[in-house]
Amino acid sequence: MKKPSAEKDSDEYRHRRERNNLAVKKSRQRSKQKAVDTQQRVNELKEENERLEAKIKLLSKELSVLKDLFLEHAHNLADGGQAPANREGDSANGQ
């Protein structure tokens, strides 16, 4: 047999139900907010990742150009023992 204070029409029961309903509502709100915050963080990280991927691509191109210049310079030094001839407009070419 149930205690009289636990009957569904008692004030104590209604009070406990109200408190429980509020707790459940608050818990669900926190859960939804956490999901929203997590999705926002995912979006931020995706954007950052895209920026970093673009930077990697740019730096890789720059590295490739610099490697080619270095190898050309090294090849010219190995072949003739001198650096490549100065280009037009350089102050070191005596013009």
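Provided above is the structure to which this section pertains.
Residues numbered from 1 in each chain as written. Predicted model: local features only at pLDDT ≥ 70, side-chain atom pairs only at ≥ 80, totals over all residues. Heavy atoms only, no water.

Engineer: Can you help me understand the overall build of the protein chain in this one?
Structural biologist: For the protein chain, the count of helices and strands is one helix and zero strands. Put simply, the protein chain has 95 residues, and 1% of those count as buried. As displayed, the protein chain has an accessible area near 9,200 Å², and 53% of this comes from carbon and sulfur atoms. (Helix = DSSP H or I, 4+ residues; strand = E, 2+ residues; numbered from the N terminus. Buried < 20%, exposed > 50% of the residue type's maximum accessible area, 1.4 Å probe, protein only. Areas by Shrake-Rupley, 256 points an atom, 1.4 Å probe, with all protein chains shown as cover.)

Engineer: Whenever I open this one, the pattern of salt bridges confuses me. Can you help?
Structural biologist: If charged atoms from side chains of opposite charge come close, those side chains can pair. For the coordinates displayed, the defined rule picks out three salt bridges. Arg41 serves as the salt-bridge partner of Glu44, at 3.8 Å between the closest nitrogen and oxygen. You can see Glu44 and its partner Arg41 sitting in helix α1 (residues 11-80), three residues apart, about one turn around the helix. (Salt bridge = Lys/Arg side-chain N within 4 Å of Asp/Glu carboxyl O.)

Engineer: Looking at this structure, how should I read a nonpolar patch on the surface?
Structural biologist: Nonpolar side chains collect at one region of the surface, where Val65, Leu66 and Leu69 lie side by side and expose about 270 Å² of accessible area between them. Considering the arrangement of structural elements, one finds Leu69 in helix α1. (Patch = residues over 30% accessible without salt bridge, like charges linked within 9 Å, V, L, I, M, F, W, Y side chains within 5 Å.)

Engineer: Honestly, the side chain of Ser10 in this entry has me stumped. Any pointers?
Structural biologist: On the secondary structure map, Ser10 appears in the segment before α1. Of the residues examined, Ser10 reaches a relative accessible area of 13% and is grouped as buried. Engagement of the side chain of Ser10 in a polar contact is seen with the backbone nitrogen of Tyr13, the distance being 3.1 Å. (Polar contact = N/O pair within 3.5 Å; in protein donor to acceptor, adjacent residues only side chain to side chain.)

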